[in-house]
Amino acid sequence: MNYVVFASVLLAGACAKSPESIQASYISEVTYQSWSCLQLGEESQRLSAALATASTQQERARGNDVVGVILIGLPVSSLSGDNIAPEIARLKGEQEAVRRTMIGKNCGQG
C-alpha cells in the first residue's frame, strides 16, 4: 500500500504545473530599450494575450495529466509535449522585461 501512495505522489510531481506556479525566466530589457512607450504598451498587451492563451493550454495539459495519472498511471500531456511550462516562463520573463523598461522610461506616468 505504501508503494502505491509513493508512486502516486511521484507521478503527480511529473504532472504539468499550474501556470501560476511557473516562475518567469530572466529576459534582459536591453531588447526593449529603443522602443517607444506606445510600442512597449502594445507589446505588453500582446504578451498578456499570449500568456492567457498559453495558460489556458497549460491548464488543459494539467487536467489531462491528472486524468491520465488516475486512469493509466501516466501524465499523458507531459509525456506528449503538451506541457508548455518553458513557454509560459519565457512569456512571463518578457512581460517583466517590458515592465522594467516602461518603469525606466516613465511610461504611463505623467
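Our subject in this report is the structure included herewith. (Residues numbered from 1 in each chain as written. Predicted model: local features only at pLDDT ≥ 70, side-chain atom pairs only at ≥ 80, totals over all residues. Heavy atoms only, no water.)

1. Observations concerning the overall build of the protein chain
Note the cut-off: Here a strand is any run of E in DSSP of at least two residues, a helix any run of H or I of at least four, and the numbering for each starts at the N terminus. Burial classes: relative accessible area under 20% of the type maximum marks a residue as buried, over 50% as exposed, and values in between as partly exposed (1.4 Å probe, protein chains only). Throughout, a contact is declared for two residues whenever any of their heavy atoms are within 4.5 Å. Note on areas: these come from Shrake-Rupley sampling with a 1.4 Å probe, and a residue is covered only by the protein chains present in the view.
Within the protein chain one finds 4 helices and 0 strands. Helices and strands in the protein chain line up, N terminus first, as α-α-α-α. The buried share among the 110 residues of the protein chain stands at 28%. A fraction of 85% describes how many contacts in the protein chain between residues 6 or more apart in sequence connect residues 24 or more apart. Carbon together with sulfur atoms contributes 60% to the accessible area of the protein chain, which is approximately 6,900 Å² in total.

2. Here we look at the side chain of lysine 92
Note the following rule: Charge counting follows a simple rule: Lys and Arg are positive, Asp and Glu are negative, and His as well as the terminal groups are ignored. Criterion for a salt bridge: a side-chain nitrogen of Lys or Arg within 4 Å of a carboxyl oxygen of Asp or Glu.
Note on placement: lysine 92 falls in helix H4 (residues 85-104). No salt bridge is formed by the buried lysine 92; its nearest oppositely charged neighbour, glutamate 20, is found at 7.2 Å. Contacts of lysine 92, omitting those with residues within four sequence positions, involve Pro19, Glu20, Ile22, Ala24 and Leu51.

3. Regarding the packing of aromatic side chains
Put simply, the test is: Under the pairing criterion, centres of Phe, Tyr and Trp rings, with the six-membered ring standing for Trp, must be within 6.5 Å; the plane angle then separates stacked pairs below 30 degrees from edge-to-face pairs above 60, leaving the rest tilted.
Under the counting rule described, the total for this entry stands at 1 aromatic pair. Ring geometry for tyrosine 32 versus tryptophan 35: centroids 4.9 Å apart, planes at 80°, classification edge-to-face. By relative accessible area, which is 25% here, tryptophan 35 ends up partly exposed.

4. Comments concerning the environment of serine 28
The line we're drawing: Whenever a nitrogen or oxygen atom comes within 3.5 Å of another N or O atom, the pair is scored as a polar contact, on the condition that within protein one atom can donate a hydrogen and the other can accept it, and that pairs from neighbouring residues in sequence are kept only if both atoms are in side chains.
Mapping serine 28 onto the fold places it in the loop between helix H1 (2-13) and helix H2 (37-72). Separated by 72 residues in sequence, serine 28 and arginine 100 place their C-alpha atoms 9.4 Å apart. In contact with serine 28, other than residues within four places in its own chain, are Ala97 and Arg100. For serine 28, the side chain forms a polar contact with the main-chain nitrogen of valine 30, separated by 3.1 Å.

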